[in-house]
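Architecture at a glance
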Amino acid sequence: MAMIRLERRADPSNFWRYGAPLVAVLATIIAGGIMFALLGKNPVEAIRTIFWTPFTGRNAAYYLSQLPIKAAPLVLIATGLALGFRAGIWNIGAEGQYVIGALSGAAVALALYPMEGRWLFIICIAASLAGGMLWAMIPAVLKVRLGVSEILVSLMLVYVAENILASLAVGAMKNPEGYGFPGSRNLSQYPAVANLDIWSGTGIHWGVIAALLSVLAGQILLSRHILGFQIQVAGLAPRAARFAGVAPGRLVMVCMAASGALAGAAGWFELAGPSGIVSVDFNVGYGFTAIIVAFLGRLHPVGILLAGVLLAVTYVGGDVARSSLGLPAGSIQSFQGMLLFFLLALDVLTAYRIRIGRKARA
Amino acid sequence: MKRRSFLAGTAAAATAAAAGLPARAQADKIKAGFIYVGPITDMGYNYQHNVGREDAMAHFGDALETVYVENVPEGPDCERILTQLALDGCDIIFATSFGFMDPTINVAAKFPDVKFEHATGFKTADNVAIYNARFYEGRAVIGHLAGKLTKSNQIGYIVPVPIPEVIMGINAAFIAARKANPDVQFKIIWIYDWHNPQKEADAAKALVEQGCDVLMQHTDSNAPITLAEELGIHAFGQAADMSAYGPNACVTSIVDNWGPYYIERIGMMFDGSWATSDQWLGMPEGVIVVPEINANIDPELRAEADAIRDSIINREYHPFTGPLNKQDGTEFVAAGEVADDGTLLNMMFYVEGIDAELPS
Amino acid sequence: MGGIDPILLLASLMVASTPILLAALGELVVERAGVLNLGVEGMMITGAVCGFAATVLTGSPWLGFVAAALAGGVMALIFGVLTQYLLSNQVATGLALTLFGLGLSALIGQSYAGITIDRPPSLNLPLLRDIPWLGPIVFRHDVILYLSLAMVVAIWWFLTRSRGGLILRAVGENHDAAHALGYPVIAIRMAAITFGGAMAGTGGAYISIMRLRQWTEGMTSGAGWIALAIVVFASWRSGRVLLGAYLFGGVTVLQLNLQGAGFRIPAVLLSASPYLITIIVLVLMSLSRNARNATPGNLGATFHASN
C-alpha cells in the first residue's frame with residue numbers, strides 16, 4: 001500500500017531551513033487570497049496592502065517606523081522564552097510576566113510622580129525586570145521544589161495577573177485627575193520615565209534597543225557560553241545532561257528568571273511608550289504571540305528577530321488593509337492564523353523528508 | 001420651507017462675507033474616518049456610532065467618503081491606527097471611545113490640518129473637539145416607567161464600571177423611580193465590562209431570582225432583554241433600540257443617535273466653519289432618543305413618560321432638580337436649583353435612598 | 001443571605017457551567033491521550049458561531065449542535081494534522097488555533113449578528129420536576145445539559161473501565177511503550193483530538209443556542225481558558241471535572257448574586273480565585289504520593305515513530 005511518511009534526515013536540511021518559511025508565506029498568500037476573494041475583495045490588492053504598504057508608497061516612512069514598535073516586545077519576550085524552550089522548560093505565562101513587569105515599573109513611576117531625573121527610568125526598568133522575574137519564579141520554584149508543571153502554573157498566573165491589572169486600573173493606579181475614569185496617568189507624558197523614540201520618528205525606543213541586545217546576548221550565550229551548552233544538552237538529552245554536570249533545578253530557575261525578566265521589561269517599555277496608560281486593555285497578547293514567534297524563529301535568536309519582524313508586518317499592513325480596503329478585523333486575524341499554521345507545518349521539512357512509497361522493510 | 005432655509009443660509013453666508021471674516025476654504029469632497037472600540041455588530045454602542053456614520057453618508061452622498069476601523073483596543077495600537085487614518089487623507093476623524101483620548105491628542109498634534117473629534121473625553125486642542133451625550137436624561141424617563149411598572153418594588157440594574165457617567169445614570173434613574181414610587185429599591189450589579197453577554201445574562205438572572213421584576217442596564221449587550229422577554233418581565237434597551245430582542249419585554253430604550261452630530265460637524269468641514277468645541281448633547285438636540293413606548297404599557301403611564309420626555313426635550317425639566325441629597329444625607333443640589341455640569345461630571349456618589357455601597 | 005434563593009442559584013449555576021463542563025470533558029480526553037491543545041477557546045467560539053448559523057438556517061437547534069460539534073472537530077483536525085503528522089509544537093499550534101478561531105468566527109458571524117432564535121424546549125421531566133428542592137435544581141433543564149452529565153459518566157467509564165480507555169491512557173502515559181506494543185499512537189491521538197474539538201464546539205454552541213440565543217463576536221469571553229484550568233484542577237479525572245466546572249461556574253454566579261444582595265465583595269479576588277485554587281490544587285497534588293502521577297506522562301510531547 002502506497003503511503004506518505006516522514007523520515008528523519010541525518011542532518012537538518014539547510015535548504016529547507018531557509019526555504020520552508022518562504023514556502024509558508026507563499027502558501028499563506030494563496031490561501032489568504034482565496035479567503036479575501038470569497039469576501040468579495042480584490043485578493044491581489046489585499047495581499048499587496050498587507051505585505052507591501054510598510055515598505056512602499058508615500059507613507060512608508062511612518063509604517064516602517066511602526067515595525068520596530070510592534071516587533072520589539074515580541075522579540076524581547078520570545079528570545080527569553082526560547083532559552084527555556086530549548087531546555088524543555090515551558091514558560092507559557094509570559095503574558096502574565098509582561099503585565100506584572102509593566103505594573104511594577106508603573107508602581108515605581110506613579111509613586112515617585114512628579115519627581116524629575118532620567119535615572120527614574122532606569123529604576124523603573126529594574127523594577128519591571130524584578131517584577132517579571134518574581135512572577136516567573138512562582139512556577140519555577142513550584143517546579144523545582146514540588147515538581148508541579150510549570151506549563152499549567154505559568155498559564156494560570158496569566159489570569160491572576162490580568163485581574164490584578166484590572167483592579168489597579170480602576171483602583172489604586174487610577175489617575176487622580178482623570179474624572180473617575182479607569183486608567184492611570186499617562187506615563188509617556190511623564191518625561192522622567194517616558195520611553196520615547198530615541199531618534200524622533202524612527203520608532204526606535206529603548207525597548208527596541210533592549211530587544212536587539214537580547215538577540216545578541218542570546219546568540220552569544222547559546223554559541224559561546226557554558227550555560228548555553230547546558231541548555232542545549234538538557235533539551236536534547238536530559239539524562240546525558242546530568243552526567244555533563246547540569247543541575248536541572250538550577251537550569252529551570254535560570255531559564256524562568258531570564259524569560260520572566262525579559263517579558264517584564266517588555267511590558268514596561270510598552271507601558272511607558274506606545275501604551276502610556278495602565279488600562280484594562282493594556283495587554284494585547286504579546287506574551288502569547290511571542291511563544292509562536294519563538295517557534296517560528298526555530299528557537300534561534302536571529303530567527304526570532306526575523307519572525308518578529310514578519311509578524312509586525314502583518315499587524316501594521318493588516319491594519320492598513322482594514323481601513324483602506326474595509327476588510328473586517330476577523331479576516332486579518334484569520335490570515336495571521338493561516339500564516340502561523342503554514343509556518344509551523346512546513347518546519348517539519350527541515351528535520352524530516354517526506355517519503356512516498358511502500359513502508360521500508362528494515 | 002426648504003427654500004426659506006436655503007435663503008436663510010445664503011443670507012448668513014453673505015453677512016459673514018460682508019463682515020470681512022476670513023474666507024474659509026469650501027470643500028467639495030471630505031473624507032471622514034471613524035474608529036470604534038468594539039465590533040460594529042455589537043448591536044449597541046459601536047453599532048450606533050456606525051449608524052451615525054451611515055446617516056452622514058446618506059446625508060452627504062458622494063461628496064462624503066468614510067472609512068472605519070472596528071475592534072481597536074484602548075491600548076498601544078490606537079495611536080498607530082489614528083495616524084494611519086490621518087495619513088490616508090481623512091479630513092476629520094471621529095475617535096468614539098473614552099480610552100482613545102491621549103492617542104487622539106498626540107496624533108492631532110502631529111496633523112494640525114486634520115480635525116479630530118473625541119467622544120466622552122475631556123481634553124481638547126485647536127483641532128480636537130469633544131462630544132458627549134447626556135445619557136442620564138433618558139434615565140429619568142425610564143426611571144419613572146420602571147418605578148411605576150415594578151410590582152415587587154425591586155429594580156435590577158446591571159452596570160459596567162464605576163465612573164461618573166454610569167453613576168449619574170443610576171442616580172437619575174433612582175430619583176425618577178422614587179418620585180414615581182416611594183417604596184422602590186435598586187439592586188445593582190457591577191460586571192466590570194462594557195460588553196460581556198454571558199456575564200450580563202448571569203447578572204440579569206441573579207437579579208430576577210432575587211425578586212427584581214424590572215431590569216435596567218448600562219452595559220451594551222442585549223442579553224438581559226432577551227432574558228427578560230423569556231421570563232415575561234420588563235426591561236429597557238441600552239444604546240440601541242433593542243425592542244426587536246424583547247417585543248413584549250422592552251418597554252423602550254435609551255438610543256444613542258449620533259447622526260445629527262456627525263452630520264453637523266462634517267457639514268462644518270464642507271463649509272469651512274469647523275472649530276473646536278466641547279458639546280454635551282442630550283434629548284433636546286436629538287442625540288439621546290427615547291423611542292415610542294411599547295404599546296403593551298398602560299396608556300396613562302405612557303402619557304406620563306411622554307410628558308417627562310417632552311419636558312426634558314423642551315428644557316423645562318432637569319433630571320437633577322433639587323432638593324437632592326447625597327447618600328450620606330448632605331445636600332448637593334438646593335431646592336429649586338439644578339445640578340451644574342461640573343457636579344454631574346464628577347459624580348462619584350450615590351443619591352440618598354440607594355441601599356448599596358459604591359465600589360471604591 | 002438576603003434575597004438569594006439557593007435552589008434557583010444552584011439551578012442557574014448548572015446552566016452557567018455547562019459550556020465549560022463540555023469543553024473541559026473534551027480536553028480531559030485529549031490530555032489523557034498525551035496531547036495538550038491550548039486552542040479550546042478557538043474551537044468553542046467556532047462551534048458557537050457555526051451552531052448558531054446552522055440553527056438559523058435549518059430552524060433546528062439540534063442540527064445546530066451537530067454542526068457545532070462538526071465545526072469544533074474540523075478545527076481540532078487542523079491541530080491534529082499539524083501536531084501529529086507534521087510534528088509541530090503543540091503549545092504554539094494550540095495558540096495559533098485560538099487566534100484563527102477568533103478571527104474565523106468573527107467572519108462567519110458577520111451576517112448573523114442581531115438575530116435571536118427561540119429557546120429550545122427544556123425537558124421538564126414529568127413527576128421528577130415536582131420533587132421538592134431537587135426538582136427545580138436538577139430536573140427542569142435542557143437535553144444538552146443532561147448530555148453533559150451523561151458524558152461525565154461515559155468518559156469516567158471509558159477511561160477507567162474500558163479497554164479502549166486503557167489503551168488511550170497508555171498512549172498518553174508513554175507513547176513509545178504503547179507504540180512498541182503495537183498500538184496506533186497517532187490514530188488514537190487523532191481520535192481523541194477530534195473528540196475534544198467536537199466537545200468544545202458543543203460547549204460553545206451551548207452559549208450561543210441555549211444561553212444567549214444570539215451570536216456576538218467574542219461571546220465565549222475566555223470560557224475555553226477556564227476549561228483548560230478545570231482539567232488541571234480536576235487532576236485529569238472525569239468526576240472532578242464536573243466538580244471543577246460547577247465550582248468555577250459557581251464562583252461567577254455566586255459573585256453576581258452576592259452583589260445583587262448588597263454584599264460588598266472583592267471582585268478581583270473572586271475573579272482570580274478559580275486560577276489560584278487550581279494552582280493550590282496542583283501543589284497539593286504534588287505533595288500527595290497518589291496524585292503525583294496524575295499528570296499524563298507524555299502530556300504535550302511530540303511522538304514520531306522512528307521505524
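A quick note: this is a predicted structure, and the numbers were derived from the prediction, not measured. (Residues numbered from 1 in each chain as written. Chains lettered and ligands numbered in written order. Predicted model: local features only at pLDDT ≥ 70, side-chain atom pairs only at ≥ 80, totals over all residues. Heavy atoms only, no water.)

Comments concerning the overall build of chain B
Selection criterion: Only DSSP runs of H or I covering at least 4 residues are called helices, and only runs of E covering at least 2 are called strands; the numbering of each starts at the N terminus. C-alpha atoms define the radius of gyration, and 2.2 Å times the number of residues to the power 0.38 defines the globule rule. Burial classification: accessible surface area is computed with a 1.4 Å probe over protein chains only, and a residue below 20% of its type maximum counts as buried, one above 50% as exposed, and the rest as partly exposed. Residues are treated as being in contact if the distance between any of their heavy atoms lies within 4.5 Å.
Scanning chain B from N- to C-terminus turns up eleven helices and 14 strands. For 360 residues, the compact-globule formula gives about 21 Å, and the C-alpha radius of gyration of chain B, at 21 Å, lands near that figure. Dimensions along the principal axes, computed over C-alpha positions, put chain B at roughly 65 × 45 × 40 Å. For chain B, the residues scored as buried account for 61% of the 360 residues in total. For chain B, contacts bridging at least 24 residues in sequence account for 65% of all contacts bridging at least 6.

A closer look at the state of the cysteines
Residue and element names in this part refer to chain B. Just so we agree on the cut-off: Cysteine sulfur atoms that pair up within 2.5 Å are treated as a disulfide.
Summed over all chains, the structure comprises zero disulfides over all chains. The thiol of Cys-90 is not disulfide-bonded; the next cysteine sulfur, from Cys-78, is found 14 Å away. Looking at Cys-212, it has no disulfide partner, and the nearest cysteine sulfur is the one in Cys-250, 17 Å off.

Let's talk about the pattern of salt bridges
Side chains carrying opposite charge are able to pair once their charged atoms draw close together. Defined as follows: Think of a salt bridge as a Lys or Arg side-chain nitrogen and an Asp or Glu carboxyl oxygen that are within 4 Å of each other.
Counted according to the given criterion, the structure contains 19 salt bridges over all chains. The partner of Asp-347 of chain A in a salt bridge is Arg-298 of chain A, and the shortest N-O contact between them spans 2.9 Å. In this pair, Asp-347 of chain A is assigned in the loop between α13 (329–346) and α14 (348–351) and Arg-298 of chain A in the loop between α11 (286–296) and α12 (301–324), connecting sequence segments 49 residues apart. Take Arg-298 of chain A: its relative accessible area is 22%, and that puts it in the partly exposed class. A salt bridge links Lys-110 of chain B to Glu-79 of chain B; its shortest N-O distance comes to 3.6 Å. Of the two residues, Lys-110 of chain B sits in helix α4 (residues 101–110) while Glu-79 of chain B sits in helix α3 (residues 77–87), which places them 31 residues apart along the sequence. For Lys-110 of chain B, a relative accessible area of 52% gives the class exposed.

Considering the interface of chain A and chain B
Test applied: Using a 1.4 Å probe, buried area is obtained as the accessible area two parts lose upon being combined, added over both of them.
If you look at the interface, chain A gives 33 residues, while chain B gives 32 residues. Where chain A abuts chain B, roughly 2,700 Å² becomes buried across the two surfaces, and 56% of that area is made up of carbon and sulfur atoms. Counting the surface chain A buries against chain B, the share from its top three residues, Tyr-179, Phe-181 and Ser-323 of chain A, is 24%. Across the contact surface, chain A and chain B share two salt bridges.

Re helix α1 (residues 14–38) of chain A
Convention followed: In this analysis, the expected span of each helix is defined as 1.5 Å times one less than the number of residues it contains. We define the bend at each residue as the angle formed by axes fitted to the 7 residues ending at it and the 7 residues starting at it.
With 25 residues, α1 of chain A extends 37 Å from end C-alpha to end C-alpha; this agrees with the ideal 36 Å at 1.5 Å per step. Within α1 of chain A, the axis deviates most sharply at Ala-20 of chain A, by approximately 35 degrees, and proline Pro-21 of chain A lies no more than four positions further along. Among all positions in α1 of chain A, only Gly-19, Ala-20, Ala-24, Val-25, Thr-28, Gly-32, Gly-33, Met-35 and Phe-36 of chain A are buried. Check the buried side of α1 of chain A and you find it contacts α2 (43–52), α12 and α13 of chain A together with α4 (90–109) of chain C.

What about the interface of chain A and chain C?
Between chain A and chain C, the residue contacts involve 38 residues of the former and 40 residues of the latter. Summed over both partners, the interface of chain A with chain C buries about 3,500 Å², with 84% contributed by carbon and sulfur atoms. If you sort the residues of chain A by the area they bury against chain C, Leu-152, Met-156 and Phe-341 of chain A come out on top, with a joint share of 19%. At the boundary of chain A and chain C, one finds zero salt bridges.

Some points on the packing of aromatic side chains
All names here are of chain B. To keep it simple, the criterion reads: Only centres within 6.5 Å qualify two rings of Phe, Tyr or Trp (six-membered ring in Trp) as a pair; their planes then separate them into stacked at under 30 degrees, edge-to-face at over 60, and tilted for everything else.
The tally for this structure, following the rule as stated, stands at 36 aromatic pairs over all chains. Pairing Phe-332 with Phe-349 gives two aromatic rings, centres 4.9 Å apart and planes at 70 degrees, and the pair type is edge-to-face. Note that Phe-332 is positioned in strand β14 (residues 331–333) and Phe-349 in the segment after α11 (341–345), a separation of 17 residues in sequence. Across the pair, exposure class does not vary: Phe-332 and Phe-349 are buried alike.

Examining the sheet that holds strand β11 (residues 278–281) of chain B
Backbone-to-backbone hydrogen bonds pair the strands of a sheet. The strands run either parallel or antiparallel. All names here are of chain B. To be explicit about the condition: Any two strands with at least two DSSP-identified bridges between them are counted as paired. All axes are obtained by fitting lines to C-alpha atoms, using only the stretch in contact for helices, and the reported angles, taken between N-to-C directions, cover 0 to 180 degrees.
Strand order in the open sheet formed by six strands is β2-β1-β3-β4-β5-β11, and the pairing between neighbours is parallel. Bordering the open sheet on either side are β2 (64–69) and β11, each of which pairs with just one other strand. For this sheet, the mean inter-axis angle between neighbouring strands, taken without regard to orientation, is 20 degrees. In the packing of helix α2 (residues 45–60) onto the sheet, contacts are made with β1 (30–35), β2, β4 (115–119) and β5 (128–133), and the angle to β2 comes to roughly 165 degrees. Seen against the sheet, α4 touches β3 (92–95), β4 and β5 and runs at an angle of roughly 170 degrees to β4.

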